[in-house]
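Below, each chain spelled out in residue letters.
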Amino acid sequence: MATAPFFSLPHSIKHLSDSGALSSVPPHYACRDPDAPSDVDPTLEGQIPTIDLSVLTEGDPARRSEMVRQLGLACEEWGFFVVVNHGVPETVREAMFAAAQGFFDLEEEEKAEHSGKHVMDPIRYGTSFNTKVEDVGYWRDYLKMVVHPAFHSPAKPLGFGEVLGQYAACTRVVGMELLRGIWESLELDEGYMNNALGLDACFQVCTVNLYPPCPQPELATGLPPHSDHGLLTLLRQNGVDGLQVKHGSKWVHVKPPPNSFLVNTGDHMEIVTNGRYKSVLHRAVINGRSTRMSIATVVAPSPDTVVEPVAQLVSSERPAMYRGVRYREYLEHQQGNKLWEKSALDLLRFHCLVINSNKRTNSGCVLSILLQVATLFADHSIVQNIQSFVLVYNSNNQSIHLYILICSMTEQNSKSFTVPSHSHRSSIYFITTFATLLVLVLLQIQVLTSSVSTCSLSWPFFDRALHRDESSIHTELGRARSMLRDSVTFLPLKDLRFAKEPMSGHTWFMSSMNDTFEGDETRHLYFPSEASKGRLLCLSAPDTSDGTKNSYALAWPEALPHDATLFPGLTFVSDTYYDYGNLWHGTSAILPFVSWHQRKECAVPDRWVLFHWGEPRTSMGAWVHNLTRAAIGEVRIEDLRGHGGAGPACFEKAAVFRHNEGAMKKQRRREVYDMMRCRARASCGVARAIMDPKAIRMTLLLRLGSRSFKNESTVIRIFETECAKVDGCVVKVAWGNNMTFCDQVKLMSETDILVSPHGCQLTNLFLMDKNSSVMEFYPKGWQELAGVGQYIYRWMANWAGMQHKGSWRDPHGEECPHTDKLACFLFYKDAQIGHDEIHFAEWAAKVLGEVKEMKSSSGSRHTDVAGSSNPCPCDR
Ligand SMILES: O=C(O)CCC(=O)C(=O)O
Ligand SMILES: [Fe+2]
């Protein structure tokens, strides 16, 4: 029951603290005994495990599997670890803390717009944890935002949403990589886990915690001991410590190394791993001097998933310890009650007992089993808690084993969440089923021990079928086939309900179908398969300008739709939301096919069917076409309208990718980029060059028109001047628009530092030797208006094993004359880029210095080139 505090609660602790009039904490906040002996053990601090994420994502298999082992140990022994080398730029963290500070600095009325009425509101500003039910207050203000699967952000301060979006995306990537390692440490299949937990639509919430300085920090607390609800929580802080985690019976004060994430396991990790990896208790302490801010990002199962212990971690020795509950319900319960230790999780715990009665089968023993069972069933509370019972008859030694799994929950347990509990009727059901089973077992014993082996039952149906004449059977089969054929149902290929989210879940393209996960590959569809129940994919796509007019269906090979043409062999079906003309988007669309090709014994498709927004396309841009041909083999794009028959096209075998490479794992992407680089170089005959280890090759890959440098000759001179200062440095200048594919492949194979404006020509970056560097330039206005798409080359560099050395964003340039955001973005998109002589010179010198340093420590490094001793994957 809620207890009303005896003074009126402040709007926020910040408000209270900013007033400056406090010399002691109001009694409502005094929840600690200042004289209690310290429960913090400083000796444990140095033992907190550290996980190097870069080893998980790009380490060689041996290092990676050792890191996975360490991750497993960290989860098992601590439930807490520090993550370093996570790849999230410091600038992203800094921007996020600045934006969060900006929010808390708004006027109290502006923030109050988000003072949630309900604990499940997607944006919630408040103080303490849940003032409606607490009888003490915590010295903390917070802003909680659900950022995935749907993204929510306060509108103020300006730009908050962009920064949050970027922070959320980066932390989600880190969270997913860690989860991947965690599943691996338990030998759980990643695809299965992603599916079981609905991780594509994972629930992600970012909570910014603000702990202002407190006049009596020894009396109050920031957050009491608690565990978090999700799978993992990733925490960053503003440089002021205050997080403490429980290890054994002691607390550890955490002092994170710079640029690291503090990660703890949550309740749902404990549930799903059936208690192998327990959620860790932690708390936030406060101080008297400085404001502490932390950002906790929880990554959790999708809200509608019913999470329960995964079957692989449940056995007779370790029965399920928690009952399943829908994530949304758990969250609502946890957020709607007092925050205290593991009180929410405790409600889901089973206390289990396995009873095994091992008896020889003679009538006396059967009677004794019956008696035992009757005694058990006489107690209604036991019947209520019986999870399962199994009777096993062993015919070798003629014994019966009866296993009964009894799992109890407290009264409160069964009330708190809405799950069905057993009723009297179910006890009757149990008893009846049990009795029936027993009779069946006894019957079986009899059958086995007597020598009756024939069955005299007569089946009128078979009887009739056997005596029918053959021709009538054929007629009947023909009729059935024709009915099947008529029942093939064509659905719209493009479902506009999902038009806004073409990349997520089961999208608008064949929206009624679920993807399959296979290892770390991009999810995809394959026909015929178990999932399609042996049916083939048929497409009817005559309209090239409106995808909603095109359609698809599944049909059994024996009952293809009328007028259908069957295309033999393997077909690759691709749908992309951009186009096959653009280098970046085309590459992104073919990448999963390259991966699939490599995995499936280098299978080359007989044809490609390309869709863009659900509309058929009959060509790829020259660069994309060449890359595809180099990576997979000859590209024959089928024009569905010109295949001869007027009816639909059905494919003997078809692999469909419709999310670009979106869901592919990083390690896998790297392998695919490696393969594409290797094969592109081989197909262009780029010869292996023995490089002077001191040579540093800088390439300025420039653009004409939009996003070209305003003063190109000056920019070239700056880089030439800096290059001239470094021993062995040469500069090349090229323009992407007038080069063939092979010219570009060759140029990249001879580039150590790629200097280029943001734009599709940068897609070439993966063709450089691994570890090469990229410097990127943007016109004015991009940071604010371009959304996350502006980071694609940063991501690509990371996926392909390159080093992105940062970006320069032109602060000057023509002002946008429009008021509309989109119109302004389009205005800046085509703008030219200025320059900053001093900055460019210093930046170039720094990158040149780093590359020189790296080269001198690693020597010559031309690898994976045609003619080298390492053939490319799928070389024949
Ligand atoms: O601020 C901290 O260090 C802890 C925050 C926390 O535990 C939470 O937000 O759940
Ligand atoms: Fe927490």
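How each quantity is defined
Residues numbered from 1 in each chain as written. Chains lettered and ligands numbered in written order. Predicted model: local features only at pLDDT ≥ 70, side-chain atom pairs only at ≥ 80, totals over all residues. Heavy atoms only, no water. Helix = DSSP H or I, 4+ residues; strand = E, 2+ residues; numbered from the N terminus. Expected span 1.5 Å × (residues − 1). Buried < 20%, exposed > 50% of the residue type's maximum accessible area, 1.4 Å probe, protein only. Arc of directions from axis to C-beta. Contact = heavy atoms within 4.5 Å. Near = heavy atom within 4 Å. Polar contact = N/O pair within 3.5 Å; in protein donor to acceptor, adjacent residues only side chain to side chain. Areas by Shrake-Rupley, 256 points an atom, 1.4 Å probe, with all protein chains shown as cover. Nonpolar A, V, L, I, M, F, W, Y, C, P; charged D, E, K, R; others polar. Donors = N, O, S within 2.8 Å, 3.2 Å for Na, K, Ca; no water. Axes fitted to C-alpha atoms, helices over the stretch in contact; angles between N-to-C directions. Parallel < 35°, antiparallel > 145°, perpendicular 65-115°, else oblique. pLDDT = per-residue confidence, 0-100. Pairing = 2+ DSSP bridges. Phe/Tyr/Trp six-rings, centres within 6.5 Å; stacked < 30°, edge-to-face > 60°. Disulfide = S-S within 2.5 Å.

Caption draft 1: Summary view of helix α3 (residues 61-77). The end-to-end C-alpha distance of α3, which contains 17 residues, comes to 24 Å, matching closely the 24 Å that a straight helix rising 1.5 Å per residue would cover. R64, M67, V68, L71, G72, A74 and C75 are the residues of α3 that are buried. One face of α3 carries all of its buried residues, which in axial projection span an arc of 160°. Set apart from the buried face of α3 by more than 90 degrees, the exposed residues are A62 and E77. Buried residues belonging to α3 abut β1 (50-52), α2 (53-58), β2 (80-84), α6 (160-185) and β10 (261-265). Of the residues flanking the end of α3, it is G79, one or two places downstream, whose phi is positive at about 70°.

Caption draft 2: Representation of the site of ligand 1. The environment of ligand 1 is formed by N209, Y211, L223, H226, D228, L235, L243, H282, A284, R292, S294 and A296. A distance of 2.6 Å separates an oxygen atom of ligand 1 from a polar atom in the side chain of Y211. Measuring from an oxygen atom of ligand 1, one finds a side-chain N or O atom of H282 at 3.0 Å. Notes on ligand 1: free accessible area 290 Å², of which the protein chains cover 92%. With three residues, the top contributor of residues to the shell around ligand 1 is strand β12 (residues 292-300). Among the residues forming the shell around ligand 1, the class breakdown is six nonpolar, four polar and two charged.

Caption draft 3: A look at the coordination of the iron ion (ligand 2). Listed as protein donors to the iron ion (ligand 2) are H226 (NE2), D228 (OD) and H282 (NE2); their distances from the metal cover 2.1 to 2.2 Å. Binding-site remark: the iron ion (ligand 2) is held by donors from one chain whose sequence spacing is H-x1-D-x53-H. Take H226 and D228: they sit in the same class, and that class is buried.

Caption draft 4: Looking closely at the packing of helix α19 (residues 666-683) against helix α23 (residues 792-800). Where α19 meets α23, the closest approach of the two axes is 8 Å, and the angle between their N-to-C directions is 85°. With respect to their mutual orientation, α19 and α23 come out roughly perpendicular. Where α19 abuts α23, its residues K666, R669, R670, Y673 and R677 lie against M796, N798, W799 and A800.

Caption draft 5: Molecular detail of the confidence of the model for the protein. Residues at a pLDDT of 70 or more form 82% of the protein, whose mean pLDDT is 84. In this model residues 407-427 is a low-confidence stretch, pLDDT under 50, and it forms 42 contacts with partners more than four residues away in sequence or in other chains. Scored by ipTM, the complex comes to 0.99, with pTM at 0.51.

Caption draft 6: The sheet that holds strand β6 (residues 223-226), seen in detail. Spatially, four strands are ordered β6-β11-β8-β9 in an open sheet, and the strand pairing comes out antiparallel. Each edge of the sheet is formed by a strand with only one pairing partner; in this case those strands are β6 and β9 (250-253). With strand direction ignored, the average angle separating the axes of adjacent strands in the sheet is 20°. Here three bridges tie strand β8 (residues 243-247) to strand β11 (residues 282-284), and the two strands are oriented antiparallel to one another. Opposite L243, over in β11, you have A284 as the bridge partner.

Caption draft 7: Structural context of the packing of aromatic side chains. For the structure on display, the rule yields 30 aromatic pairs. Ring centres 6.5 Å apart and planes at 75° place the aromatic pair F709 and F840 in the edge-to-face group. Residue F709 is found in the loop between β26 (696-702) and α20 (712-724), and its partner F840 is found in helix α25 (residues 837-858); the two are separated by 131 residues along the sequence. For F840, a relative accessible area of 0% puts it in the buried group.

Caption draft 8: Focus on the state of the cysteines. Applying the stated criterion across every chain, the model contains six disulfides. Between the sulfur atoms of C538 and its disulfide mate C650 the distance is 2.2 Å. When the S-S torsion is 105°, as for the bridge of C538 with C650, the disulfide is right-handed. With a gap of 112 residues between them, C538 in strand β20 (residues 536-540) and C650 in strand β25 (residues 649-657) connect regions that are remote in the sequence. Considered together, C538 and C650 belong to a single accessibility category, that of buried residues. Residue pairing for C602: its cysteine sulfur links by disulfide to C874, the two sulfurs lying 2.0 Å apart. Between C602 and C874 the sulfur-sulfur dihedral comes to about -90°; the bridge is accordingly left-handed. Separated by 272 residues along the polypeptide, C602 in the loop between α17 (583-599) and β23 (607-612) and C874 in the segment after α25 bring together distant segments of the chain. Residue C602 shares its accessibility class with C874, and that shared class is buried.

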